[in-house]
Amino acid sequence: MKLLLIEDDASMQVALQRALNRRGIEVSGCTDGALALAEWAATQPDVVVLDLSLPGMDGLQVLELARKQGLATPVLILTARGTVGDRIMGLNLGADDYLPKPFDLDELEARLRALGRRRSDPGRAPAVESGAGSQIVGALRYEKESGAIYHEGQVLELTPRELALLQALMVKPGHAVSKEKLFELVFPGEMDVQYEAVEVVVYRLRKKLARTGVTLMTLRGLGYLLKVDA
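The structure contained in this document is the topic of the report that follows. (Residues numbered from 1 in each chain as written. Predicted model: local features only at pLDDT ≥ 70, side-chain atom pairs only at ≥ 80, totals over all residues. Heavy atoms only, no water.)

## So, unusual backbone geometry
Working step 1: Residue Q44 is not a glycine yet carries a positive backbone phi of 50°.
Working step 2: Mapped onto the secondary structure, Q44 falls in the loop between α2 (33-43) and β3 (47-50). (Helix = DSSP H or I, 4+ residues; strand = E, 2+ residues; numbered from the N terminus.)

## Some thoughts on the pattern of salt bridges
Working step 1: For the structure shown, the criterion picks out 10 salt bridges.
Working step 2: The partner of K101 in a salt bridge is D51, with the nearest N and O atoms 3.7 Å apart. With K101 in the loop between β5 (97-100) and α5 (105-120) and D51 in the loop between β3 and α3 (59-68), this residue pair connects regions lying 50 residues apart in the sequence.
Working step 3: The buried category is assigned to D51, whose relative accessible area is 4%.
Working step 4: We note a salt bridge from E143 to R141, for which the minimum N-O separation is 2.5 Å.
Working step 5: It is possible to trace a salt-bridge network through shared partners that takes in R23, D106, E109 and R113. (Salt bridge = Lys/Arg side-chain N within 4 Å of Asp/Glu carboxyl O. Buried < 20%, exposed > 50% of the residue type's maximum accessible area, 1.4 Å probe, protein only.)

## With respect to the packing of aromatic side chains
Working step 1: Under the defined criterion, the tally for this structure stands at 1 aromatic pair.
Working step 2: The interplanar angle of 35° and the centroid separation of 5.5 Å between the aromatic rings of F183 and F187 together place this pair among those described as tilted. Each member of the pair, F183 as well as F187, carries the same accessibility label: buried. (Phe/Tyr/Trp six-rings, centres within 6.5 Å; stacked < 30°, edge-to-face > 60°.)

## Details of the side chain of H151
Working step 1: Mapped onto the secondary structure, H151 falls in strand β9 (residues 149-151).
Working step 2: Non-local contacts of H151, meaning those with residues more than four positions away in its chain, are made with A139, L140, L156, R211 and T212. (Contact = heavy atoms within 4.5 Å.)

## Some words on helix α8 (residues 197-208)
Working step 1: For α8, with 12 residues, the first-to-last C-alpha span of 17 Å sits near the 16 Å given by 1.5 Å per residue.
Working step 2: Taken as a whole, α8 has its buried residues at V198, V201, V202 and L205. The arc that holds every buried residue of α8, seen down its axis, measures 100°, which confines them to one face. Opposite the packed face of α8, turned more than 90 degrees from it, sit the exposed residues Y203 and K207.
Working step 3: Buried residues along α8 sit in contact with α6 (160-171), α7 (179-186), β11 (214-219) and β12 (223-228). (Expected span 1.5 Å × (residues − 1). Arc of directions from axis to C-beta.)

Here's what the structure looks like:
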């Protein structure tokens with residue numbers, strides 16, 4: 001597996017290159033955002049590890065420009081900037097995974113190999129796809145015309161409220177949807193229901209998604225989003 005490591009800390013760069021090389025991963029490194037973008041386009045690595053705190057052009061800018069240029073390489077964000085806002089912004093811009101510093105090397109390797117398998121398997125559906133009539137998130141497919149949601153060709157058995165909540169999240173994959181917005185969609189016009197009722201629907205839906213490869217995540221202060229498991 002070929003890895004592009006975009007990291008401005010020279011000691012971290014060298015240490016990770018040596019450690020991953022010993023584990024059979026071929027690593028090339030860049031410490032500057034603009035140079036990294038050019039290297040990314042030229043070498044087409046299997047996976048990119050991206051630090052957010054880069055000089056000049058920061059990691060989020062690099063990621064945004066790369067996706068606009070059509071560079072679809074799986075990206076793992078590796079950063080000390082571990083706030084929820086940074087993580088969500090990275091996912092929204094096209095990152096596939098993130099790992100906050102400090103981290104465990106075994107976990108990093110496992111995540112990298114999972115991303116590498118995703119890229120090398122041409123039969124695997126992309127994490128997120130959309131079209132005129134359907135929206136795909138991992139192994140889930142939402143048919144907009146019928147309103148049904150499928151997992152591996154079978155209709156998911158959901159209550160009307162669970163279905164409404166999942167539809168709302170699938171329409172905006174990778175984006176957090178607030179509890180208030182979900183309340184409006186799941187309990188339309190029901191003035192005697194409290195916001196906490198959304199949490200009950202989330203709990204039940206999360207259990208039904210447990211074996212689908214898609215996780216319903218709670219983000220404090222932001223709401224909920226769907227994440228495709230590595």
